[in-house]
Amino acid sequence: MGAQVKKETMGFQTEAKQLLHLMIHSLYSNKEIFLRELISNASDAADKLRFASLANSALLEEDPDLKILVDFDTKKKTITISDNGIGMNRDEIIENLGTIAKSGTAQFLDSLTGDEKKDSNLIGQFGVGFYSAFIVADKVEVYSRKAGSPAEEGVRWESTGESDFDIEDVTKEDRGTKIVLHLKKEEKEFAEGYRLRGIVRKYADHISIPVMMLKEELPTSPEGEDGKDKKEKKEKKTPEYESVNSALALWTRPRTELNDEEYKEFYKHISHDFDDPLSWSHNKVEGKLEYTSLLYLPSRAPFDMWNRDAVRGLKLYVQRVFIMDDAEQFLPLYLRFVKGVIDSNDISLNVSREILQKDPAVDSMKSALTKRVLDMLSKLKKKDKESYQKFWDEFGQVLKEGPAEDHANKEKIAKLLLFSSTHTGESKQDQSLEDYVSRMQKGQSKIYYVAGESFNTVKNSPHLEVFRKKGIEVLLMTDRVDEWFVSHLMEFDGKQFQDVTRGELDLGDLDTEEDKKQQEEQDKKAKPLLERLKTSFGDKVAEVRTTNRLTESPACLSITEHDMGAQMRKLMEAAGQAMPETKPNFEINPAHPLIDKLDKEADEDRFNDLASILFDQASLAEGGQLDDPASYIHKLNKLLLDLTH
Ligand code: ADP
């Protein structure tokens, strides 16, 4: 290879540029995290090299002790972070530091508001990484040489973090990556030993390799100010590094030795999240299988939680050697928000994703870890309502996928669910099924719910009228997945879920004898009207009947026991499934004056118009869409005109 130095200037990818801008302008209140992020990257690079060296020990060259050095120069205002990890070649450095590969980045950037405070919260969800260097530096140089590549294949990258970066080939003898931060004038305080040590200790104590800094020279004592001492100091010029952190992988340390701050910092290291976790569970399992797990509940959903390809899973170590990120085989999909580490002695060091999928040991770990997470949630729900509510607001919809995915744990999951309900009438989902059951009426055997598109639609649904009258609580469901998830959950505590819009409303023992008698009489009396309506509607409806559902509205629509609900239909249609047409039942409230008026209407045209209006209104009241809104308006206006004549 020729020793020609290829130097180029390249532009940052648009998304990267936006992110850089955001980083610099919104994270000033928490500047010191740049060091955490860079040390975190260096430690990941060491993990990757250690793993690669299992298959090819030559990669370690003559330098097998993995470590991170943090140096500084107060005069030049620089901080240098060097690692002897895996390193990057030219292509990788362009790709890794010039673009953002995460899917969904564009949507994420679109969601930003321009309000720096709000955006800085959002960026926490996105994760910051390398670009955080530009919070404190106005120029960053990166030197890197990939493990296994010759010294001449080193690269130097440099940027001011605005729109482009320079890249050139250089010779780099030592393997790995060195990052030089040229601090902004106003950030020069960071290039100071005491300060840096403090930050390293705070953020990197749990990193499993040493983070080293030069030994600080002790201040000279007054007595030592003679010539001899000075001479000794001059001779002792070879720099000596010492480890600043304890360099023990955090999860290997006993729980009793760790404090909350350490757990929280470790979480930030593995998740690249800004916020503290809500809770964690650290366990060492001994016996047939031996492994340690440290599982965290984040306090906020990542920006791409609904992206099917979003990364998820745990960081997998085997006997403390990093094996892979995002090992998704250890937890079910509905717990994909959990972050953490698993370190196993029962998995082979050269395991692959494919092997993991088939390993029965992994299956047993998965069920044990699932139980751990559910227990952690249950404990949080009991002990810290506020935090649990936070969890629910962020991840409740994901947890609702549980009953379908994990039948074995249905009961446990059910106890974790929160709903909004007519009991509070608030849209906040904060009522558990246990709460509901404890408030059930005498003679009530079912858990009633109504599902729909928006909170106001379900809260004011005509179907709730009789429940309100009788003081029976109904769960109000508005998440997209609700109907689907209830169809899998089916029951709780031996009580079936019942959609109040479905079938003939059978209130069982909640209906008094008097109610029933009244109903029968009504039915008899209404027979001719029901016949007329049936003729008027033709095959638009399945059945026309009287109802006990309503107290204030003239009519409503119901679906039969086996039909798919509107919400589920929409879900399926959105997924591209053609749905068979279903017909609703039209149910009338004979006690309503409009129904009485309808009954007495002799003019057939006017009868048909009024019937059609009532049908459309019933549909609207449920948040449905009219087939022919113009015709509805036309008929209604005709009636209004009649009124004013
Ligand atoms: P993230 O760490 O979230 O992927 P970063 O922006 O921090 O995002 O880093 C981007 C990529 O650059 C990393 O995924 C890694 O591949 C590479 N990288 C960063 N720092 C180093 C380093 N010290 N050694 C090797 N590769 C690195």
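Keep in mind that this is a model prediction, so the values were computed, not measured. Numbering of residues starts from 1 in every chain and runs along the sequence as written. It should be noted that, the model being predicted, local features are given only for residues of pLDDT at least 70 and side-chain atom pairs only at 80 or more, the latter also being counted only at that level, while totals for whole chains, interfaces and linings use all residues. Excluding hydrogens and water, the side-chain figures rest on all heavy atoms present in the structure.

K.L.:
Would you explain the environment of Tyr 317 in this entry?
P.N.:
A run of H or I in DSSP counts as a helix once it spans at least four residues, and a run of E counts as a strand once it spans at least two, with each numbered from the N terminus. As for its placement among the helices and strands, Tyr 317 is situated in strand β12 (residues 314-318). Think of it in three bands: residues with accessible area under 20% of the maximum for their type are buried, residues over 50% are exposed, and the middle band is partly exposed, with areas taken using a 1.4 Å probe on protein chains only. Residue Tyr 317 is classed as buried on the basis of its relative accessible area of 4%. Once the C-alpha coordinates of Tyr 317 and Leu 643 are considered, the two residues, 326 residues apart in sequence, prove to be 78 Å apart. Two residues qualify as a contact provided that any one of their heavy atoms is within 4.5 Å of a heavy atom in the partner residue. Ignoring sequence-local partners within four residues, the contact set of Tyr 317 consists of Asp 47, Trp 251, Phe 322, Ile 323, Val 341, Ile 342, Asp 343 and Ser 344. Any pair of nitrogen or oxygen atoms within 3.5 Å is treated as a polar contact; in protein, a donor-acceptor pairing is required on top of that, and neighbouring residues in sequence qualify only through side-chain atoms on both sides. At a separation of 3.0 Å, a polar atom in the side chain of Tyr 317 contacts the side chain of Asp 47.

K.L.:
Looking at this structure, how should I read the pattern of salt bridges?
P.N.:
Where charged atoms of side chains with opposite charge meet at close range, the side chains can pair. One side-chain nitrogen of Lys or Arg within 4 Å of one carboxyl oxygen of Asp or Glu is enough to make a salt bridge. Throughout the structure, instances matching the rule amount to 42 salt bridges. Note that Asp 479 and Lys 400 form a salt bridge whose closest N and O atoms lie 2.8 Å from each other. Pair noted here: Asp 479 is in the loop between β17 (475-477) and α18 (482-489) and Lys 400 is in the loop between α12 (385-399) and α13 (402-405), with a separation of 79 residues, a long-range link. Judged by relative accessible area, Asp 479 falls into the buried class, the value being 11%. Within the structure, one salt-bridge network assembled from shared partners comprises Glu 32, Glu 189, Arg 195 and Lys 202.

K.L.:
Teacher, can you tell me more about the pairing of strand β14 (residues 339-344) here?
P.N.:
The two faces of a sheet get side chains in turn, since along a regular strand they alternate between them. The element β14 is largely enclosed, with a buried count of five among its six residues. Two strands pair when backbone bridges link them, and strand β11 (residues 291-297) and β14 are joined in this way by six bridges, in the antiparallel orientation. Its bridge partner lying in β14, Tyr 296 is registered against Lys 339. In terms of strand pairing, β12 meets β14 through four bridges, oriented parallel. Within β14, the position partnered with Tyr 317 by the bridge is Asp 343. Pairing between two strands requires that DSSP report at least two bridges joining them.

K.L.:
Mind showing me how you'd approach helix α9 (residues 260-271) here?
P.N.:
A helix is expected to span 1.5 Å multiplied by its residue count minus one. With 12 residues, α9 extends 16 Å from end C-alpha to end C-alpha; this agrees with the ideal 16 Å at 1.5 Å per step. Among the residues making up α9, those that are buried are Glu 262, Tyr 263, Lys 264, Glu 265, Phe 266, Tyr 267, Lys 268, His 269, Ile 270 and Ser 271. Where α9 is buried, its residues meet α2 (33-55), α7 (193-204), β10 (279-285), β11, β12 and β14. Of the residues that open α9, the one with a side-chain oxygen 3.1 Å from the backbone nitrogen of Glu 261 is Asn 259. In the stretch just after α9, His 272 is the one whose phi turns positive, near 55 degrees.

K.L.:
In this structure, what is going on with the packing of helix α19 (residues 513-537) against helix α22 (residues 604-621)? I would like to understand it.
P.N.:
The packing of two helices is summarised by the inter-axis angle and the distance between the axes. Under this scheme, a helix contributes an axis fitted over its contacting stretch, all axes are lines through C-alpha atoms, and angles between N-to-C directions fall in the 0 to 180 degree range. Direction vectors running N to C along α19 and α22 enclose 85 degrees, while the axes themselves pass 10 Å from each other. Between α19 and α22, the crossing angle belongs to the class labelled roughly perpendicular. Contact residues: Leu 529, Arg 532, Leu 533, Ser 536 and Phe 537 in α19; Glu 604, Phe 607, Asn 608, Ala 611, Ser 612 and Phe 615 in α22. Should an angle lie under 35 degrees it is considered roughly parallel, over 145 roughly antiparallel, and from 65 to 115 roughly perpendicular; all remaining angles are considered oblique.

K.L.:
What am I meant to see in the sheet that holds strand β8 (residues 211-214) here?
P.N.:
Consider a sheet: its strands pair through backbone hydrogen bonds, and that pairing is either parallel or antiparallel. Within the open sheet, the nine strands sit side by side as β1-β6-β5-β4-β7-β3-β2-β8-β9. Their pairing is mixed. Single-partner strands in this sheet number two, and they are β1 (7-11) and β9 (241-243). Taken over all neighbouring pairs, the strand axes of this sheet differ in orientation by 20 degrees on average, direction set aside. Here strand β3 (residues 78-83) runs beside strand β7 (residues 176-183); their pairing, made up of six bridges, is antiparallel. Note that in β7 the partner of Thr 80 across the bridge is Val 180. Each of β2 (68-73), β3, β7 and β8 touches α2; the most contacted strand, β3, lies at about 20 degrees to it.

K.L.:
For this particular structure, what's the right way to read the sheet that holds β10?
P.N.:
With respect to topology, five strands assemble into an open sheet ordered β10-β11-β14-β12-β13, the strand pairing being mixed. Each end of this open sheet is capped by a strand with a single partner; those strands are β10 and β13 (321-327). This sheet shows a mean twist of 10 degrees between the axes of neighbouring strands, independent of strand direction. In the sheet, β10 pairs with β11 via seven bridges, with the strands oriented antiparallel. Each bridged residue has a counterpart across the sheet, and for His 282 the counterpart in β11 is Leu 294.

K.L.:
Would you take a moment to explain the site of the ligand for this structure?
P.N.:
Here, proximity means that at least one heavy atom of the residue falls within 4 Å of the molecule or strand. With respect to spatial proximity, the complete set of residues near the ligand consists of Asn 41, Ala 42, Ala 45, Lys 48, Asp 83, Met 88, Asn 96, Gly 129, Phe 130 and Thr 177. At a separation of 2.8 Å, an oxygen atom of the ligand approaches a polar side-chain atom of Asn 41. Here the ligand has 530 Å² of accessible area as a free molecule, and 77% of this is covered by the chains. Looking at the shell around the ligand element by element, the count peaks at four residues for α2. Residues are grouped as follows: Ala, Val, Leu, Ile, Met, Phe, Trp, Tyr, Cys and Pro are nonpolar; Asp, Glu, Lys and Arg are charged; all remaining types, including Gly, are polar. Classifying every residue of the shell around the ligand gives four nonpolar, four polar and two charged. Areas reported as accessible are Shrake-Rupley estimates using a 1.4 Å probe. Residue values count occlusion only from the protein chains shown.

K.L.:
For this particular structure, what's the right way to read the nonpolar core?
P.N.:
Formed by 72 residues in total, the largest nonpolar core has its most connected members in Leu 316, Phe 330, Leu 399 and Phe 497. Element by element, the count of residues in this core is highest for helix α11 (residues 360-383), at nine residues. For every domain, the bounds stem from an assignment made automatically or drawn from a database. Viewed by domain, this core spans two of them, domain 2 (250-383) and domain 3 (400-509), each represented by three or more residues. In contact with Phe 497, other than residues within four places in its own chain, are Leu 433, Ile 447, Tyr 449, Leu 475, Met 477, Val 486, Leu 489, Met 490, Glu 491 and Phe 492. Counting residues in each nonpolar core, the second largest holds 65 residues, with Phe 12, Ala 46, Ile 123 and Ile 207 among its members. Note on terminology: a nonpolar core comprises buried Ala, Val, Leu, Ile, Met, Phe, Trp, Tyr and Cys residues joined through side-chain atoms within 4.5 Å.

K.L.:
When you look at a negative patch on the surface in this model, what are you seeing that I'm missing?
P.N.:
Exposure above 30% relative accessible area and the absence of a salt bridge qualify a residue for a patch, where like charges join within 9 Å and nonpolar side chains (Val, Leu, Ile, Met, Phe, Trp, Tyr) within 5 Å. We score Asp and Glu as negative and Lys and Arg as positive, and we do not count His or the chain ends. By convention, the point assigned to a charge is CZ for Arg, NZ for Lys, CD for Glu and CG for Asp. A surface patch of like charges, here negative, comprises Asp 138, Glu 162, Asp 164 and Glu 186. Structurally, the position occupied by Asp 138 is in strand β4 (residues 137-145).

K.L.:
Teacher, can you tell me more about the packing of aromatic side chains here?
P.N.:
Ring pairs (aromatic) are described by centroid distance and by the angle formed between their planes. Think of it this way: a Phe, Tyr or Trp ring, Trp meaning its six-membered ring, pairs with another when their centres are within 6.5 Å, and the plane angle makes it stacked under 30 degrees, edge-to-face over 60, tilted otherwise. The full count for this structure, using the stated rule, is 24 aromatic pairs. Between Phe 12 and Trp 157 the ring centres are 6.2 Å apart and the planes differ by 65 degrees, which places this aromatic pair in the edge-to-face class. Pair noted here: Phe 12 is in the loop between β1 and α1 (14-26) and Trp 157 is in strand β5 (residues 154-159), with a separation of 145 residues, a long-range link. One exposure class covers both Phe 12 and Trp 157, and it is buried. Summarising the aromatic geometry, the rings of Trp 157 and Phe 165 are spaced 5.6 Å apart at their centres and angled 25 degrees between planes, so their arrangement reads as stacked.

Note that all results are geometric; they support no functional claim without further evidence.
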